[in-house]
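In case you want the letters, here they are:
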Amino acid sequence: MTAYLRPTDDAHAIALRAAHADYLVLAGGTDLLVAAHHKPVPVGILDIAGRFAGITVDAAGARIGAGTSWRAIATSAELAATWPILPAAAREVGALQIQTRGTIGGNLATSSPVGDGLPVLLALDATIHLASVRGARTVPYHQFCTGYRTTALGADELITAVTVPRPAPGTYLGWRKVGTRAAQSISKVMAACALEIVDGRIATARFGVGAVAARPIRAAAAEAAATGQPPTAAVAAAVAAALRHDITPIDDVRSTAAYRLEVAGNLLARFVTNAGRTQG
Ligand SMILES: Cc1cc2nc3c(=O)[nH]c(=O)nc-3n(C[C@H](O)[C@H](O)[C@H](O)COP(=O)(O)OP(=O)(O)OC[C@H]3O[C@@H](n4cnc5c(N)ncnc54)[C@H](O)[C@@H]3O)c2cc1C
């Protein structure tokens, strides 16, 4: 029979994880239960639903507990005021039922190339907070995904939170998901950006792109093409062209490599021209 453990608080969850590194960690269960019939029955379940939850905002930035639901993120006025692309992405994760159960920590740990929260966290330069009985540590999010559905999470660790710094003044934030339809759709391509504009030029560019490689990626060549340039149509075209060096899309049941390449380039180009429009 599968054992079942439910910690009484966050510290208890960390202690139980250390004692039972072979147990399955369950948060909202919206990824785990879909795959449950195709996997061996787990030795035990560590049910952390409701643990590590909550959003706090201060002068430095926002801290989102790993157990925070997409619904809480989607409806957070504090996040919407400064990091509107986070609630925007949250509103496009599945439908209301999935948003109510599913957590940002589950999205991070599953680390699917089509995880909708992930390009946004890359664009916002997020930091992942991990804890075990050995202590707490942080990993910059752009180093957290190590390959196809693999991460830097240790076997005895839990994700406790994600933090995002406040964007510099004059930063344009963008997010766009492209799927088969407007709602309840697995992404064909999605992208997010943070473009800091200083004196009419892009001083810092971060592009996070999903569903175009084995893991969500920062588009380094596209970022280099944007940095130091004005947000014009010509630069937008150069960014789209440079993106071809960053991504390796595939043909699969949801889309083709050629479509993904074209659309991802268009999304980044549109971010640049939209950033230009905000400059008046
Ligand atoms: C119908 C449907 C539609 C969906 N649509 C979308 C969509 O549009 N976009 C999208 O991105 N996703 C979608 N998903 C996937 C899923 O809802 C999300 O990835 C969600 O964020 C997973 O969170 P969870 O809390 O349910 O994770 P769980 O299923 O509980 O766990 C997922 C993985 O994360 C691990 N884990 C969870 N929390 C922690 C933690 N704190 N520390 C360490 N490990 C942890 C678990 O052990 C497990 O390996 C959909 C799923 C379904 C069933």
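Residues numbered from 1 in each chain as written. Predicted model: local features only at pLDDT ≥ 70, side-chain atom pairs only at ≥ 80, totals over all residues. Heavy atoms only, no water.

Regarding helix α1 (residues 10–19)
- Of all the residues in α1, the buried ones are Ala13, Ile14, Leu16 and Arg17. Mapping the buried residues of α1 onto a view down its axis gives an arc of 165°, with all of them on the same face. Opposite the buried face of α1, at more than 90 degrees from it, the exposed residues are Ala11 and Ala19.
- Summarising the contacts, the buried residues of α1 are in contact with β1 (3–5), β2 (24–26), β3 (44–47), β6 (127–132) and β10 (158–165). (Buried < 20%, exposed > 50% of the residue type's maximum accessible area, 1.4 Å probe, protein only. Helix = DSSP H or I, 4+ residues; strand = E, 2+ residues; numbered from the N terminus. Arc of directions from axis to C-beta. Contact = heavy atoms within 4.5 Å.)

Description of the pattern of salt bridges
- Across all of its chains, the model carries 8 salt bridges by this definition.
- The partner of arginine 218 in a salt bridge is glutamate 223, and the shortest N-O contact between them spans 2.6 Å.
- Notably, a salt bridge pairs arginine 244 with glutamate 262, separated by 3.9 Å at the nearest N-O pair. Highlighted residues: arginine 244 in the loop between α11 (233–243) and α12 (257–277) and glutamate 262 in helix α12, separated in sequence by 18 residues. (Salt bridge = Lys/Arg side-chain N within 4 Å of Asp/Glu carboxyl O.)

Regarding the site of the ligand
- If you check the shell around the ligand, you find 32 residues, and the closest are Val25, Thr30, Asp31, Thr103 and Asp116.
- A distance of 2.8 Å separates an oxygen atom of the ligand from a polar atom in the backbone of alanine 27.
- When isolated, the ligand has an accessible area of 980 Å², and the protein chains bury 85% of it.
- Looking at the shell around the ligand, the elements with two or more residues in it are β2, α2 (32–35), α7 (104–110) and β10.
- Examining the composition of the shell around the ligand, we find that 5 residues originate from one element, α7, more than from any other.
- Each residue belonging to the shell around the ligand can be placed in one class, and the counts come to 15 nonpolar, 13 polar and 4 charged.
- When residues are assigned to domains, the shell around the ligand turns out to be shared by domain 1 (50–165) and domain 2 (171–277), each giving three or more. (Near = heavy atom within 4 Å. Polar contact = N/O pair within 3.5 Å; in protein donor to acceptor, adjacent residues only side chain to side chain. Areas by Shrake-Rupley, 256 points an atom, 1.4 Å probe, with all protein chains shown as cover. Nonpolar A, V, L, I, M, F, W, Y, C, P; charged D, E, K, R; others polar. Domains from an automatic or database assignment.)

Overview of the domain arrangement of the protein chain
- Structurally, the protein chain comprises domain 1 (50–165) and domain 2 (171–277).
- Contact residues are listed per partner, giving 28 residues for domain 1 and 24 residues for domain 2.
- Taken together, the connections running from domain 1 to domain 2 amount to 1 salt bridge.
- As a salt-bridge pair, lysine 177 and aspartate 116 come within 2.6 Å of each other at their nearest N and O atoms.
- Where domain 1 meets domain 2, there are 6 residue pairs in polar contact (both at pLDDT 80 or more).
- In terms of residues, the side of domain 1 that touches domain 2 owes the most to one element, helix α8 (residues 117–123), which gives 5 residues.
- Across the side of domain 1 that touches domain 2, the residue classes tally to 17 nonpolar, 7 polar and 4 charged.

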